[in-house]
Amino acid sequence: MGSIYRLFDSLGVHLMASRSFTGNPSQIIIEQLVASGVRHLFYNPGSREARFFDTLHSRPEISGVIGLHEGTVTAMAGGFAQVNSDPAVMSVHLGAGLAQSLGQMINVWAASLPVVMITFVGDTGSYADRITLDLGHDVGPTSIGAPFMKANWTVIDPGGLATAVDRALKVAMTPPIGPVHIAAYDRILGPEHITTSIIEGPPARPRAGYPDERDVEEIARTLHEAKRPLIYVGDGVNKSGAESQLAAIADHFGTNVASMWGDLRGVSAAHPLHCGYFRGPVVDLEPDAILAIGVRHGASGNPTDFDMFKTAKKIVAVGPDVEIFENIPGLDLAVMADEYRVIEKLALLANSEYEPKAYDERRQTAYKAAEKFRNDRRVALQSPSEIPGHVRPIALLDAVDNGLEKLGGGIITTEQFAVPLEDVVAKPNGGSNTYIRPAGGSEGYGMGAPLGAKLAAPDTPVVGMVGDGSVYYSDSAFWSAAHHQIPVLYVVPNNSAYGIVAGAFAGADGVMKDTGEYAGVVLDGIDIVQLAGSFGVEGRKVDDESKIDAAVQEGLDTVEREGRPMVLDVKLPLGVPPGGRPAKPVKFTDMNN
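Residues numbered from 1 in each chain as written. Predicted model: local features only at pLDDT ≥ 70, side-chain atom pairs only at ≥ 80, totals over all residues. Heavy atoms only, no water.

Chemist: Just to check I follow, could you spell out the sheet that holds strand β13 (residues 314-319) for this structure?
Modeler: Paired through backbone hydrogen bonds, the strands of a sheet run either parallel or antiparallel to each other. Taken together, 6 strands build an open sheet; the order of strands is β11-β10-β9-β12-β13-β14 and the sheet is parallel. Because the sheet does not close on itself, it has two edges, and the strands there are β11 (274-277) and β14 (333-336). Across this sheet, the average inter-strand angle for adjacent strands is 20°, counted without regard to direction. Those strands touched by helix α11 (residues 339-353) are β12 (289-293), β13 and β14, and its axis lies near 125° from that of β13. This element, helix α12 (residues 360-381), spans β9 (229-233), β10 (256-259) and β11 of the sheet and lies at about 45° to β11. (Pairing = 2+ DSSP bridges. Helix = DSSP H or I, 4+ residues; strand = E, 2+ residues; numbered from the N terminus. Axes fitted to C-alpha atoms, helices over the stretch in contact; angles between N-to-C directions. Contact = heavy atoms within 4.5 Å.)

Chemist: I'm lost on the side chain of H271 in this one. Help?
Modeler: Examined against the element boundaries, H271 turns out to sit in the loop between β10 and β11. H271 sits in the buried class, given a relative accessible area of 4%. Apart from the residues lying within four places of it in its own chain, the contact partners of H271 are A247, R374, K427, N429 and G430. (Buried < 20%, exposed > 50% of the residue type's maximum accessible area, 1.4 Å probe, protein only.)

Chemist: Mind showing me how you'd approach the environment of L68 here?
Modeler: Here L68 shows up in the loop between β3 (63-66) and α4 (70-84). For the pair L68 and A242, spaced 174 residues apart in sequence, the C-alpha to C-alpha distance is 36 Å. Not counting residues up to four positions away in its chain, the partners in contact with L68 are N44, S476, W479 and S480.

Chemist: Just checking my understanding: could you explain helix α7 (residues 213-225) for this structure?
Modeler: For an α-helix the count is 3.6 residues per turn, leaving residues at separations of three or four pointing the same way. The terminal C-alpha atoms of α7, which comprises 13 residues, lie 18 Å apart, in line with the 18 Å expected from a rise of 1.5 Å per residue. Inspection of α7 places V216, I219, A220, T222 and L223 among the buried residues, and these make up the whole buried set. In a view along the axis of α7, the buried residues occupy a sector of 155°, so they form one face of it. Exposed positions of α7 whose direction lies more than 90 degrees from the buried face are R214 and E225. The N-terminus of α7 is capped by D212, whose side-chain oxygen sits 2.7 Å from the backbone nitrogen of R214. (Expected span 1.5 Å × (residues − 1). Arc of directions from axis to C-beta. Polar contact = N/O pair within 3.5 Å; in protein donor to acceptor, adjacent residues only side chain to side chain.)

Chemist: Quick question: what am I supposed to make of the pattern of salt bridges here?
Modeler: Pairs can form between side chains of opposite charge whenever their charged atoms are close. Scanning the entire structure with this criterion turns up 33 salt bridges. With a shortest N-O distance of 2.8 Å, D398 and R378 are connected by a salt bridge. You can see D398 sitting in helix α13 (residues 393-406) and its partner R378 sitting in helix α12, a full 20 residues away along the chain. Neither D398 nor R378 differs from the other in exposure class; each is buried. Among the charged side chains, a salt-bridge network with shared partners connects R19, E31, R59, E61 and E200. (Salt bridge = Lys/Arg side-chain N within 4 Å of Asp/Glu carboxyl O.)

Chemist: How do you make sense of the packing of aromatic side chains when you look at a structure like this?
Modeler: The description of two aromatic rings rests on the distance between their centres and on the angle between their planes. A full pass over the atoms with the stated rule returns 12 aromatic pairs. With a centroid separation of 5.2 Å and 70° between ring planes, the pair formed by F52 and F53 is classed as edge-to-face. Residue class for F52 comes out buried when judged on its relative accessible area of 0%. Assessed through its relative accessible area of 7%, F53 is described here as buried. Between the aromatic rings of W261 and Y277, the centroid separation amounts to 4.8 Å while the plane-to-plane angle is 50°, which identifies the pairing as tilted. Taken together, the residues W261 in the loop between β10 and β11 and Y277 in strand β11 connect sequence positions 16 residues apart. Owing to a relative accessible area of 7%, Y277 belongs among the buried residues under this scheme. The ring centre of Y277 lies 6.0 Å from the NZ or CZ of R279, which sits over that ring. One cation-aromatic arrangement involves R341 over Y210; the distance from NZ or CZ to the ring centre is 4.3 Å. (Phe/Tyr/Trp six-rings, centres within 6.5 Å; stacked < 30°, edge-to-face > 60°. Lys NZ or Arg CZ within 6 Å of the ring centre and 35° of its normal.)

Chemist: How should I be thinking about empty space enclosed by the protein in this particular structure?
Modeler: Empty space among the atoms becomes visible once a probe the size of a water molecule is rolled across them. Applying the stated criterion to the full structure yields 2 cavities of 30 Å³ or more. Here the largest cavity defines a volume of roughly 110 Å³. Elements with a minimum of two residues in the lining of the largest cavity: α8 (236-240) and β16 (434-436). Looking at the lining of the largest cavity residue by residue, the classes come out as 5 nonpolar, 4 polar and 5 charged. Of the pockets and cavities examined, the second largest cavity occupies roughly 40 Å³. Taken together, I29, I118, F120, L161, V165, I182 and A184 make up the full set of residues lining the second largest cavity. Every element with two or more residues in the lining of the second largest cavity is listed here: β5 (115-121), α6 (161-173) and β7 (180-185). Looking at side-chain class alone, the lining of the second largest cavity contains 7 nonpolar, no polar and no charged residues. (1 Å grid on protein atoms, 1.4 Å probe; cavity = no way out; pocket = protein on both sides within 12 Å on 5 of 7 lines; lining within 4 Å. Points joined across faces, edges and corners; volume = space filled by probe spheres on them. Nonpolar A, V, L, I, M, F, W, Y, C, P; charged D, E, K, R; others polar.)

Chemist: Explain the sheet that holds strand β6 (residues 151-155) here, please?
Modeler: In spatial order, the strands read β3-β2-β4-β5-β7-β6; together these 6 strands make up an open sheet with parallel pairing. Both edges of this open sheet fall to β3 and β6, since each of them pairs with a single strand only. Between one strand axis and the next, the sheet turns by 25° as a mean value, whatever way the strands run. In this structure, β5 lies alongside β7, joined through 6 bridges in parallel fashion. Across the sheet, residue M117 finds its bridge partner in β7, namely H181. Across the sheet, α4 is in contact with β2 (40-43), β3, β4 (88-92) and β5; its angle to β4 comes to roughly 175°.

Chemist: Help me understand a nonpolar patch on the surface, please; the structure alone is not making it clear to me.
Modeler: Together, F417, I500 and V501 line one region of the surface with nonpolar side chains, adding up to about 260 Å² of accessible area. Here V501 is to be found in helix α17 (residues 499-507). (Patch = residues over 30% accessible without salt bridge, like charges linked within 9 Å, V, L, I, M, F, W, Y side chains within 5 Å. Areas by Shrake-Rupley, 256 points an atom, 1.4 Å probe, with all protein chains shown as cover.)

Chemist: Help me understand unusual backbone geometry in this model?
Modeler: Note on backbone geometry: most residues besides glycine have negative phi, and most peptide bonds are trans. Here the amide bond leading from P175 into P176 is cis, since omega sits at -5°, within 30 degrees of zero. Looking at where P176 falls in the secondary structure, it is placed in the loop between α6 and β7. Its identity as a non-glycine residue notwithstanding, S112 has a phi of 50°, on the positive side. S112 sits in the buried class, given a relative accessible area of 8%. The backbone of N429 sits at a positive phi, close to 60°, despite the residue not being glycine. You can see N429 is positioned in the loop between β15 (411-415) and β16. Looking at N429, the relative accessible area reads 71%, which means it is exposed.

Structure representation (structure tokens):
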């Protein structure tokens, strides 16, 4: 039998191997996770799942990673899945835990990440129909999570738990990649042993097929014939592993690049041809051809959502599923295929039939255009001169970016707007750093995401850039970092405000703008270093721009050398519109007069 398996393996054909296993339902779930190659389970513990967590901690092959709040659990799982598109598995406590996880699950869903959620629920139908911490009896156990899930299953027979886990991992990784949910009634987590089949080995990573040769030829002709082509890049590119290949295509044809919201790595934000997000640059460049690769286009839900495509005479979209095509009107060519396989064939064709010298002039124009966009953004981001007692955003951004480059490259996760990662200095081929941001914009993701990212890339330095407002949403993630001694460097661009909200208040052209007094957005009087320290994470304040490079380097050295987390609280200028100030807060006594 072994020789048959070797023969099939040599041909690239994999047979499903399974083995018999006897144990209680909790042991079956953990046994299948281990057999599937899952090494971490992100969770928040619960009493009604006692046997499940007891089994988890009896198996050294899989580590439990604890979050004190379900939002942190979800963000850790999401950060893990974002690094290599490997599946992350998480568990939260009953219906209440499921509800509390959804604020971050929207980020996981928006980024189409392969996260498997496991929840256990009470039986609200057989006896009492109101059970503490469970959902009401009028809805199913997966109902409230369904809008954020690719697929949902409820398991009733414990003999099917192993199959359900294997299926969930497989479905989560199959295009369109996305989160899935397994719910099981907690009464099946009893001590009784049953015999079932465990499926051996991690599920195969499914890929979409190859493109038609004629479609690849048309893509090449489109890039060749256009005067102002633009590559619109989405996260499908990095999920397929085609980042460097697509960057080479852009350089070959002298084509500018813009990213979909939530993606800064399909072509690195630091690549010299990168113009920023698919917004302003598109309007200013007036592209006559747009090649959208791995993009799930989204916008604001208003009539202008598709205006960015109006100047294009030719629009091509490439990706493995319908989500790639549904929000791009007027498509001239839709290629349903794996992004890597399309780009691979396009590169072969370009190198054999399209001489790069033919695009020298266009390439130089594209480089200059991207450089101007980048420089304009950097200049607009901060004052031209230093501000005593503060660090300007670009000084902080460059310190972090350069500090990681000196270490050979690292990962920067972000959840803040004061220091935009798309404004990093351009570097040849995009440099060595990887830039990761949440796609959904739901606050609090940035605290858990770097912890998951570090677990996915244990040998790579990780910096989590988290706005002060986001820290306060999920500050208990400091405890997870300290408890598990996960060596990440948190960098907090602290502008003492919800800066993006303050800007929107000014844009409303109302009382706040007229008076210059902004209510509900200034976050003063909070000491992040003390806060982190109370959870066991050492911190340092930085309010001198001349010392920011040394502080970042020292922080990175400490984290990497000593294997523990650390936080830098970096004081930025107050994040309200120019001339603005905090409104006087309404006090309790005012409310009762």
